[in-house]
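One letter stands for each residue in the lines below.
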Amino acid sequence: MIVIHSEEHRLQAGRSELNDGQLVPCYEKPARADIVRARIEAVGLGPIVEPTRHGFAPLERVHDAGYLGFLRTAWDDWVTEHGADIDALPLNWVAPGMARRRVPRSIDGRLGFYSFDAGTPITAGTWRAATAAADSALTGADHLRAGDRSAFALCRPPGHHAGHAFYGGYCFLNNAAIAAQALRDGGATRVAVLDVDYHHGNGTQEIFWERGDVLFVSLHADPIDEFPYFCGHADETGTGAGDGANLNLTLPWGTDWGGYARALETAAARIGGFGADALVLSLGADTYGGDPISRFRLLSEDFLRMGAAIAGIGLPTLFVMEGGYAVDDLGVNVANVLTGFLD
Ligand code: Q9C
Ligand code: ZN
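Residues numbered from 1 in each chain as written. Chains lettered and ligands numbered in written order. Predicted model: local features only at pLDDT ≥ 70, side-chain atom pairs only at ≥ 80, totals over all residues. Heavy atoms only, no water.

Asks: Account for the pairing of strand β8 (residues 246–251), with residues named and values stated.
Replies: In terms of burial, β8 is a largely internal element, five of the six residues being buried. Relative to β8, strand β7 (residues 214–221) runs parallel, the two being bridged by six bridges. Looking at β8, one finds that His 220 is bridged to Thr 250. (Buried < 20%, exposed > 50% of the residue type's maximum accessible area, 1.4 Å probe, protein only. Helix = DSSP H or I, 4+ residues; strand = E, 2+ residues; numbered from the N terminus. Pairing = 2+ DSSP bridges.)

So this is what it looks like as structure tokens:
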């Protein structure tokens, strides 16, 4: 399986995120991608190649032009206002009933306007790292279009919490959505996105909410208890042309492989009935029992079973790296999904 990865991921190295009322070291850190890459090399999964540059156009197919412009200059605007010694974090958000008609001029206002949490610092290298990750997903999509059965975009920062015009949850550009749209634009009639990250892929859901040509299926911790809290419920099924093309399979804290496997079967059956030409797999390994911010109980060997179940769907599959914060075990867990898929 070809692996697409850019060293530019390490340009996103936030210092701290707001967690449990305190600024703590970022969980989403460069060591995550390094350990996954090292494990992929150790097991000889396949060649690791640099992404090719795809430019702005495929990003604009998914994201708002004003949002992309904000993201590109946010760090420079922050430095002008606050200096370069502190990462840019938002402090104010709109609540229901407050007007949201105008984009603020101040960088602090715009950070709040375009975000939904205080866990996602913008740094000097955020834009370059995020665009390199999107290019990795796009290069993976190119390989599928050329006939490969599978590819792995080792993206960092992750993407599935980023929506049409917002960032959050450590995500800025929605790598999986950008790749799914590129597959559509490259000739695929229908594309399915399966999201196995522990958290609901709220950005991907929002992007394809009114689309009948892209099925979104997500297995995740019930948002009644868990981040991102405000969406990801089972009764969210899409609207308009997308009515019925969104499936949220919520699972309780403490879920182990038994409960997870049943939901995965439901997901596979729905995708099988959709008639997709390709599958984009949002691959988070934060379902692992050892994950420091998550509460499922999957074991490392369960990720082999997960990969086999994904292979059983029988579609050309682009894996796109999302979350997973138990860094020491992340390489094994991610590589297990990929080898489980190939075996
Ligand atoms: N107390 C991804 O997995 N907040 N994002 C966690 C824990 C945000 C996770 C707070 C979690 C975002 C891509
Ligand atoms: Zn996650």
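That shown, we press on.
Asks: An account of the side chain of Arg 156 is requested, with residue identities and associated values reported.
Replies: In this fold, Arg 156 is placed in the loop between β5 (150–153) and α6 (175–185). Of the residues examined, Arg 156 reaches a relative accessible area of 2% and is grouped as buried. For Arg 156, the side chain forms a polar contact with the main-chain oxygen of Gln 12, separated by 2.6 Å. Within polar-contact distance, the side chain of Arg 156 engages the backbone oxygen of Lys 29 at 3.2 Å. Ignoring anything within four residues of it in the chain, the contact list for Arg 156 reads His 9, Arg 10, Gln 12, Glu 28, Lys 29, Pro 30, Arg 32, Ala 33, Ala 129 and Ala 133. (Polar contact = N/O pair within 3.5 Å; in protein donor to acceptor, adjacent residues only side chain to side chain. Contact = heavy atoms within 4.5 Å.)

Asks: Can you explain the site of ligand 1? Please cite residues and give values.
Replies: What surrounds ligand 1 is the set Asn 19, Pro 158, His 160, His 161, Gly 169, Tyr 170, Asp 197, His 199, Phe 227, Asp 286, Gly 323 and Tyr 325. Here an oxygen atom of ligand 1 sits 3.5 Å away from a polar atom, N or O, in the side chain of Asp 197. A distance of 2.6 Å separates an oxygen atom of ligand 1 from a polar side-chain atom of Tyr 325. Burial of ligand 1 by the protein chains amounts to 86% of its free accessible area of 410 Å². Judged by its atoms lying within 2 Å of the grid points, ligand 1 is housed in the largest pocket. (Near = heavy atom within 4 Å. Areas by Shrake-Rupley, 256 points an atom, 1.4 Å probe, with all protein chains shown as cover. 1 Å grid on protein atoms, 1.4 Å probe; cavity = no way out; pocket = protein on both sides within 12 Å on 5 of 7 lines; lining within 4 Å. Sits in = over half its atoms within 2 Å of the grid points.)

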